[in-house]
Amino acid sequence: MHEPTMNALAAKESKGKGSFGRLLLASTLIGFGAVMVFFGAVYLQDLRLLAEAPEALWAFICGAPLAEGMGPALMFIFGALSVLIALALMWIGGSKERRAYSLVMFVSVAAIAIVGYLYGQTNREARVSATDNIAYVEPPRLMPDFTLTSDAGTPFRLSDLRGKFVVMFFGYTHCPDVCPLSLYEMRRVKQALGEEAKHVQFVFVSVDGTRDTPERLRTYVRSFDPTFIGLTGAEEVVRQIALEYGARFRAGPPKADGFYIVDHSASTYVLDPQGYWRMMWGLNARTEDVVKALRALIQTYQPIARQQ
Ligand SMILES: [Cu+2]
């Protein structure tokens, strides 16, 4: 009689402990998850990014910088996973009260996510302009070479531009707004650089190889400046290149007439004459700031001693 009672007591005690530990773990996960979900939702620019998160995470694990806009998507997903694990911990083998409590938790976190997303959408404009400054890549990063098709229809390697600073932008010729603006901006930068512009090659990489034939691309970029060059290639090839810079793009659904827009990052990237990525700026960087930064980069340029 004595032995079993002791065992039962011990069992009850350890079960109580386990249950407490589980509750503690669940609460921690919910707290952590709710915060991640909230801030992820606030900074999430587009719900469709959630679907691209696994691919971006994989590229990141393989060494690419995290693609633009993916940080919040990953935060949201990890937060949501923590919350789901917490709810499962509370649900499985839990009492009626505990299950009711976990339902309340679920609804609360979902509400937090919706509020965060709506708040983020209303404040999006202000946020974009506030963060679009010139950024320096420290330490400079040697970028992988790539081969695309030039606007003359011939194979063109990034390394063909060694010896020049490369100012590179990803876009497409059917773009209604961002690309014409950015190319016009490039033209202003080039003109402001004056004499020093001879050290710089401006490059427009098409993210819409289907429509951007070399001929079309050539006419387009030359309309902004006769020295600008356009590169194009298969979507998957360009996507891999863009990912290296953290740029991303996605074609939208075609309209009735077949026309489609392509959402794309609007940053401009600068490589030095050795092919090291040195800096980048966003759409809202002021021309004079860009010119100043670019000129400083050209004037203070020192080749990086390569390690053997
Ligand atoms: Cu564009």
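Residues numbered from 1 in each chain as written. Predicted model: local features only at pLDDT ≥ 70, side-chain atom pairs only at ≥ 80, totals over all residues.

Draft legend 1. Here's a closer look at the sheet that holds strand β9 (residues 268-271). Within the open sheet, the 8 strands sit side by side as β1-β10-β9-β4-β5-β6-β2-β3. Their pairing is mixed. The strands lining the two open edges of the sheet, one partner per strand, are β1 (134-142) and β3 (155-157). Mean inter-strand twist for the sheet, computed between neighbouring axes without regard to direction, equals 35°. Together, β4 (165-171), β5 (200-206) and β9 form the strand contacts of helix α6 (residues 178-193), whose direction differs from that of β4 by roughly 165°. (Pairing = 2+ DSSP bridges. Helix = DSSP H or I, 4+ residues; strand = E, 2+ residues; numbered from the N terminus. Axes fitted to C-alpha atoms, helices over the stretch in contact; angles between N-to-C directions. Contact = placed C-beta atoms within 7 Å.)

Draft legend 2. Highlighting the confidence of the model for the protein. Residues at a pLDDT of 70 or more form 89% of the protein, whose mean pLDDT is 86. Of the regions scoring below 50 in pLDDT, residues 9-14 engages in 0 contacts with residues more than four places distant in sequence or in other chains. Confidence drops under a pLDDT of 50 for residues 128-132, and excluding neighbours within four residues, the segment shows 6 contacts in the predicted structure. (pLDDT = per-residue confidence, 0-100.)

Draft legend 3. Region of interest: the pairing of β4. With 7 of 7 residues buried, β4 lies mostly within the body of the structure. The alternating pattern of β4 places Phe165, Val167, Phe169 and Gly171 and Val166, Met168 and Phe170 on opposite faces, both of which are buried. Alignment of β4 against β5, held across 7 bridges, turns out to be parallel. Bridge pairing in β5 links Phe165 to Val200. Where β4 lies against β9, 4 bridges are found, and the strand directions are antiparallel. In the sheet register, Val166 faces β9, and the bridge partner there is Leu271. (Buried ≥ 20, exposed ≤ 12 C-beta atoms within 10 Å, placed from the backbone.)

Draft legend 4. A look at the environment of Gly31. Tracing the sequence through the fold places Gly31 in helix α1 (residues 2-43). The class for Gly31 is partly exposed, based on 13 C-beta atoms found within 10 Å. Note: C-alpha distance between Gly31 and Ala86 (55 residues apart in sequence) is 9.6 Å.

Draft legend 5. Examining helix α7 (residues 214-224) more closely. Every buried residue of α7 is listed here: Leu217, Arg218, Tyr220, Val221 and Phe224. Close packing links the buried residues of α7 with α6, β5 and β6 (229-232).

Draft legend 6. Quick peek at the nonpolar core. Ranked by internal contacts, the top residues of the largest apolar core, which has 71 residues, are Val37, Val83, Val167, Val203, Ala242 and Val270. Broken down by element, this core gets its largest block of residues, 10 residues, from helix α3 (residues 70-91). Counting contributing residues per domain, this core is built from domain 1 (2-127) and domain 2 (134-299), each supplying no fewer than three. The residues contacting Val270, other than those within four sequence positions of it, are Phe165, Val166, Val167, Arg278, Met279, Met280, Leu294 and Leu297. (Core = buried A, V, L, I, M, F, W, Y, C linked by C-beta atoms within 7 Å. Domains from an automatic or database assignment.)

Draft legend 7. Summary view of the pairing of strand β10 (residues 276-281). Within β10, 5 of the 6 residues are buried, leaving the element largely enclosed by the surrounding structure. As defined by bridge partners, β1 adjoins β10 across 5 bridges and the pair is classed as antiparallel. Each residue of the ladder has a partner; that of Ala135, found in β10, is Met280. Bridge count between β9 and β10: 4 bridges; the pairing is antiparallel. Looking at β10, one finds that Tyr269 is bridged to Met280. The antiparallel hairpin formed by β9 and β10 contains 4 residues in its connecting segment, where Gly275 sits at a positive phi of about 95°.

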